[in-house]
There are 2 protein chains.
Amino acid sequence: MPTPDHAATPLAADRPRYLDPAAPVDARVRDLLSRMTLRERVGQLNQRMYGWNAYRRTPDGGFELTDALYAETERFEGLGALYGLQRADAWSGVDHGNGPGAEDAAALADLVQRHVVGRSRLGIPALFVEEVPHGLMALDGAVLPVNLAVGATWNPELYERAAAHAAAELRARGGHVALVSALDIARDPRWGRTEECFGEDPYLAARLTEAVVRGMQGEPGGAPAGLFAADKAPVVLKHFAGQGATVGGRNSAESELGLRELHEIHLPAARAGIRAGAAAVMAAYNEADGMPCSGNRALLTELLRESWGFEGLVMADGLAVDRLARITGDKVSAGALALNSGVDLSLWDEGFTHLEEAVERGLVAEEVLDAAVARVLRLKFRLGLFDRRGTQAPPLPPLPARGRELSTAVARAAVTLLRNDGTLPIPATVSRIAVLGPQSATVAHQSGDYTAPQHPGTGTSVLDALRTLAPPGVDLRHAPGCALTGGDLSGIPEAVAAAAASDLAVLVLGGSSARTPDTEFDANGAARTAVSHMTCGEGADLAGLELGRAQYALLDAVAATGTPTAVVLIQGRPHVVPDTAGALLTAWYPGPWGGEAIAEVLLGLTEPVGRLPVSVPRSAAQLPVYYNHKDTEYGGYVDGSAEPLYSFGHGLSYASFEYGPPRLSGHTVEADITNAGRRHGRCVAQLYLRRLRTPVWPRTLELCGFRAVDLAPGETRTVTFPLGADLPGRGTVVEFRVAESARAALTAVPTQSFTAPDETPL
Amino acid sequence: MPTPDHAATPLAADRPRYLDPAAPVDARVRDLLSRMTLRERVGQLNQRMYGWNAYRRTPDGGFELTDALYAETERFEGLGALYGLQRADAWSGVDHGNGPGAEDAAALADLVQRHVVGRSRLGIPALFVEEVPHGLMALDGAVLPVNLAVGATWNPELYERAAAHAAAELRARGGHVALVSALDIARDPRWGRTEECFGEDPYLAARLTEAVVRGMQGEPGGAPAGLFAADKAPVVLKHFAGQGATVGGRNSAESELGLRELHEIHLPAARAGIRAGAAAVMAAYNEADGMPCSGNRALLTELLRESWGFEGLVMADGLAVDRLARITGDKVSAGALALNSGVDLSLWDEGFTHLEEAVERGLVAEEVLDAAVARVLRLKFRLGLFDRRGTQAPPLPPLPARGRELSTAVARAAVTLLRNDGTLPIPATVSRIAVLGPQSATVAHQSGDYTAPQHPGTGTSVLDALRTLAPPGVDLRHAPGCALTGGDLSGIPEAVAAAAASDLAVLVLGGSSARTPDTEFDANGAARTAVSHMTCGEGADLAGLELGRAQYALLDAVAATGTPTAVVLIQGRPHVVPDTAGALLTAWYPGPWGGEAIAEVLLGLTEPVGRLPVSVPRSAAQLPVYYNHKDTEYGGYVDGSAEPLYSFGHGLSYASFEYGPPRLSGHTVEADITNAGRRHGRCVAQLYLRRLRTPVWPRTLELCGFRAVDLAPGETRTVTFPLGADLPGRGTVVEFRVAESARAALTAVPTQSFTAPDETPL
């Protein structure tokens, strides 16, 4: 147990109640609030600095604080929250030479916190807020596969463990609050942040959002009196809401989405995360029904707080408050609009720094401001920040080993086999393998956006892993063939020669979200001009969904050799890739050790168990594609199908499965599934509902359950889906189907129809 | 004056009031309703038959009625409405050999009407409803340019005259009600019905919708007691609402549109049309906010009738009522849902035939049914159908001449010059012109979907017109080069040879909405499988926005000759066409005489005055593109711009214009425009507003006025825009810009800011 800082001193009669660790959190908040000046309160709502501007390395290898931090804490006589003290990437310019690593991050956090507490008349500590989109985005943080890969695992339990690890890392290094991508739904793969989505489906996203909340925060009520355990971190679920629906897949552009679509597709993950106890949400950049989320009272207050009963914090996205000045006329009124709409804590904005003036001008009522301050303070009390020295949690088990193990496990569960004519698993007869393609021998592009610089040698490429895992005597030849981007074909002959001289080619293609020092950034860290190889990530939207030109030439040339070829895609979104190779699999961005997971699947050491969390389009011209569109008959375009190339839920196994007809019994659906193949396999049985009689127009199908089932060859098991609280509203008549993908469900045998009982909530 | 049928008899004391032409329409309706059985009333709400099944040609060249018509009139003891008695196209199978032409259509209508009236106990005539999307779609009907071309004219006065002609044709031939495309807004050019839209902008569409209503129906109140003049036709504005927003440009698929977007973009044309007195609207296939429009009470009743005060008729789109059985369970309840939602008159559906049963089952209240019947009857009384023998209006002036003149005038006003390096107008020095391309020498593909078979020789191709209009001595060579679709390159060498041997090439490319006998159709007449050359029109959505492959090869090959080339596009939507030629113009589907309009512009006999009513995208991958998106900054895709290739409002002249800074004075904006060129020219000055302070997130720009200004070389004129009732809501602060396109307006000097006064309606 950490030593409580103030509690260690005997409680004096005149000791303020907010310093009494035994007092209820709400009482402490009220007491503290009553003692604070307006300026101090406004200070709590500001999160202005980039954390990396708060410190610098000293010549002796320690850290010292900067004048920028002094000025900031002077301005508001304290500090509300500090963003990204540990962030390290090309945008922040932080690397192993100047930033905090696993060994000294906690000391840096402690140094800053002591300054903040000392500068604050009432001893109020700061919240340290860090990016945790796929692991802790800090030096030595264990990088996880991106959310799209997590979506491909269909495995919330596994992700919960990985998320718990990331939270423990964060807390062990002095961080407090995790910014977590979870709520964006991937409806347009052009969007560069598709990689941050769990997929296109609200049910799948909801289950994974619950998992990340449980993993990072612990079970609701698991900690006493709303306190977070020392290895747990409150999450800010981002983004709220509808950002996946921006037109054209354009980052932070508008959505034209209807409220019904918003509620049915884009809000369920948020609802589930909040029910799981999420401490905070981040208001999204995009508008919803006419107003950017940061200025959207209907969304942040009427829906979130009044209708859903959310008592947590709402944080703005970076500079989103200031953007509101476009319609309010100035940043003071922009800040007032955001606060009045429901934003509690700003990010980098000027608008919230003027809230004193906004109160004086009558734009903001003090009660509204105080309610926001109370939410910030409440989180600090729940984190125990007033009650223990510094920010250190108990030491964790050695981080890299556990992190690597979990990251690789998620990557392994995410590898998805889309097509296979028998090329895979690599047969024992193969003795010469050509390992080709721009993604085959590097780990630099295996991780998602925001990733911190990695120590040399961290990670495993496909080539690395095949060298380790291929049977002895197998000859591996390697040629990159081309770069990720551009049309330089000069490397192709070497790759073709290697393919021609081999029994099998593994061609690793893909995209990249790797930020390099020459990437230019917007003030909010979004990539502005994609240079080098960055074709994905925040600010890198890709209209045509195409790989670099040379990659297609390489694919064609390798396929033309006639050597059996397995194409592996390492990518942050679906790309358009012609079906010219015998086998095709996608690992999304599998993280640093993804090469190992991929090689295991290629060699058949692991079964491919990933399933598509998004539909894979045939081309950008047919967008949007997602399985759960409204149930309208459509024959297709003159020049092509409107159906995706690969369906949501699709993913092959090395085994094959037969699904018996589903049986409806009371509030349970069950079906018998048989492994009809000759290998052990895991199927992901998917339960879909189809609305038959309903007051609004239904979707074709809606995922409402999934279960992984391990089956030995010839084995049959009954998979059981209890029908839960997510069922449709009363009186609605539905049927259920159990299938191995959304497309298979279209023609699957349904259960008899089921009328939702009166007590079922909508 | 026509002879009143019943009124000719002296009014007997026991003569029912509904037969008294002097009685007010509403009193006549009430009286008639009170006399009708339930079956008779249900009959009035049905429009089940395809009109071409009601008659057949006799060996002597006359017409006789069919058993199908007898059965239909037997079933409901009369006939509510009959669709498409005059429709002639590949779907109906009607052509000059078997269908009614200008000379005998009125007699056919009279024959049918006499049967209907005779079969009806109370002598209730039928409504004859015909397609008039771009002129009367009947044999010998004058075909007009499609709506997209009308949008390009920015000339409501001209279109009003053309619409008046079409209505007069309809009435002269015994038709009553015109189905008119007007309300769909072109937001996704993949949609095959883009050609039926006036463009992407709600203001432009609203002005043209008013024009078609005024032209066809006459001024509101212009006829006594709500009666229509004998040469005027009530219009059914279609479609209501939001059909231009279906996802993926997929015909009659769902929209995911928000209500705010619906109101701001998709409803203004309907609102304007209704204010202009439109007699009816057609409920659209798509859903809006979760329900197909035909079952959408919020739209058809709460908005349209209760909020807007619309007292006219709502017609369903073809088979749209029956589609509702998907969620109600059967067609009886589907009919009940549609009627209860606000549909008055069905189209081909079975659902409405069971309304007696629906009443008996308690699904429909008789008052609701009677209100719908009253709306149908009211229209019949307003048309004078009870008061004159048959359906004949006074003879019109010879139709073809007047129709041709108006059609050509609209086509001339629509030709839009997108790019010109000086290739056009064709210089006097040119003595050899190659007229190339699959659209250069045929009129078969110059008209939009629904077009009736034309007499051989009707129309003028570009080649025809150049032969007539080019100066004596100019040598014209022609080669088609390729077909509209497919990749057959065998004709290209001939075209290249002609280009190489000429001083200038005119290359006429494009798409086609021509239905041929081998087109397959859905039950509602939408093309199901596009065969032959049909790549546009209802049911022919084009994902890639590409011309036939060979057309690109032809363009490249002709451009490579170095001969100055003008590309002319004849098309129903924007296609992706690279900027390889020196001049590019689009005529949309200009109608049968479009070749003449195009040739005049090519030769400089007419100034190009068309302006784009839609943004022209660079590719399908960047969709959506429209100028009036929300005002969010977006830097572009990694692989290309998010901006269109050509902006809404763009169109070059052979002159050039300079715009002075706009002046705001009271409720007027004015600007001085100078012709800085060496030719007479007409500019279309466009007034855009930009919202500065506003309660919801604004669009970048909004068109709110336009004026064509004719200017001699060197001449300056002041263009004046009175600010009207369409201004934003009170307190909103805006500025105005006057420019020659939306893109130019982005950087144009604004007026001082303008605060909308309190009395301005939203």
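Quantities reported herein were computed from a predicted structural model and do not represent experimental measurements. (Residues numbered from 1 in each chain as written. Chains lettered and ligands numbered in written order. Predicted model: local features only at pLDDT ≥ 70, side-chain atom pairs only at ≥ 80, totals over all residues. Heavy atoms only, no water.)

Asks: Go over the interface of chain B and chain A, please, and point to the residues and values.
Replies: Contacts between the two partners involve 61 residues from chain B and, on the opposite side, 61 residues from chain A. Summing the contributions of chain B and of chain A, the shared interface buries around 4700 Å²; its carbon and sulfur component is 51%. Broken down residue by residue, the surface that chain B buries against chain A is led by R250, R326 and W697 of chain B, which jointly contribute 17%. Our count for the contact surface shared by chain B and chain A stands at six salt bridges. Of the charged contacts in the structure, one is a salt bridge between D289 of chain A and R260 of chain B, with a shortest N-O distance of 3.9 Å. Where chain B meets chain A, there are 39 residue pairs in polar contact (both at pLDDT 80 or more). Elements represented by at least two residues in the side of chain B that touches chain A include exactly α8 (259-266), β9 (291-292), α12 (325-328) and β22 (681-693) of chain B. (Contact = heavy atoms within 4.5 Å. Buried area = accessible area lost by both parts, 1.4 Å probe. Salt bridge = Lys/Arg side-chain N within 4 Å of Asp/Glu carboxyl O. Polar contact = N/O pair within 3.5 Å; in protein donor to acceptor, adjacent residues only side chain to side chain. Helix = DSSP H or I, 4+ residues; strand = E, 2+ residues; numbered from the N terminus.)

Asks: I'd like to hear about empty space enclosed by the protein, residue by residue, with values.
Replies: Empty space among the atoms can be located by rolling a probe the size of a water molecule over them. This model, assessed by the stated rule, comprises 14 cavities of 30 Å³ or more. By volume, the largest cavity is sized at about 610 Å³. Every residue lining the largest cavity is counted, 33 residues in all, and those nearest its centre are V247 and E256 of chain A together with V247, E256 and P624 of chain B. At the level of elements, α8 (259-266) of chain A together with α8 of chain B are the ones that each hand at least two residues to the lining of the largest cavity. In terms of residue class, the lining of the largest cavity is made up of 14 nonpolar, nine polar and 10 charged. (1 Å grid on protein atoms, 1.4 Å probe; cavity = no way out; pocket = protein on both sides within 12 Å on 5 of 7 lines; lining within 4 Å. Points joined across faces, edges and corners; volume = space filled by probe spheres on them. Nonpolar A, V, L, I, M, F, W, Y, C, P; charged D, E, K, R; others polar.)

Asks: Tell me about the packing of helix α6 (residues 156-172) of chain B against helix α7 (residues 202-217) of chain B, residues and numbers included.
Replies: Residues and elements named next belong to chain B. As a packed pair, α6 and α7 sit with axes 7 Å apart at the nearest point and diverge in direction by 35°. Regarding α6 and α7, the two cross each other, and that crossing is right-handed. In this structure, α6 contributes P156, Y159, E160, A163, A164, A166 and A167 to the contact, and α7 contributes R207, L208, A211, V212, R214, G215 and M216. Split into classes, the residues belonging to the contact of α6 with α7 amount to 10 nonpolar, one polar and three charged. (Axes fitted to C-alpha atoms, helices over the stretch in contact; angles between N-to-C directions. Left-handed = near helix turned anticlockwise from the far one by under 90°.)

Asks: Describe the confidence of the model for chain A, and please don't skip the residues or the numbers.
Replies: Residue and element names in this part refer to chain A. Within chain A, residue pLDDT values average 93, and 94% of them lie at 70 or more. Counting contacts from residues 1-10, a segment whose pLDDT is below 50, to residues more than four positions away or on other chains yields 16 contacts. Interface confidence for the predicted complex, given as ipTM, is 0.94, next to a pTM of 0.95. (pLDDT = per-residue confidence, 0-100.)

Asks: Tell me about the environment of N675 of chain B, and name the residues and values.
Replies: All names here are of chain B. The topology assignment puts N675 in strand β21 (residues 668-675). By relative accessible area, which is 1% here, N675 ends up buried. A sequence separation of 112 residues divides N675 from T563, and the C-alpha atoms of the two residues are 30 Å apart. Only 2.8 Å separates the side chain of N675 from the backbone oxygen of L711, close enough to count as a polar contact. (Buried < 20%, exposed > 50% of the residue type's maximum accessible area, 1.4 Å probe, protein only.)

Asks: Can you break down the pairing of strand β18 (residues 583-586) of chain B residue by residue, with the values?
Replies: Residue and element names in this part refer to chain B. Neither face of β18 is open: one carries A583 and L585, the other L584 and T586, and all of them are buried. Bridge count for strand β11 (residues 416-420) against β18 is four bridges, and the pairing is antiparallel. Note that in β18 the partner of L417 across the bridge is L585. The sheet contact formed by strand β17 (residues 565-570) and β18 spans four bridges and is parallel. Its bridge partner lying in β18, V567 is registered against L584. (Pairing = 2+ DSSP bridges.)

Asks: Any details on the sheet that holds strand β17 (residues 565-570) of chain A? Residues and values, ideally.
Replies: All names here are of chain A. Taken in spatial order, the six strands make up an open sheet running β11-β18-β17-β14-β12-β13, and their pairing is mixed. Of all strands in the sheet, those bounded by a partner on one side alone are β11 (416-420) and β13 (475-479). For this sheet, the mean inter-axis angle between neighbouring strands, taken without regard to orientation, is 20°. Running at roughly 170° to β13, helix α17 (residues 462-469) makes contact with β12 (432-436), β13, β14 (504-510) and β17 of the sheet. Sheet strands in contact with helix α20 (residues 594-603) are β14, β17 and β18 (583-586), and its direction is about 155° off that of β17.

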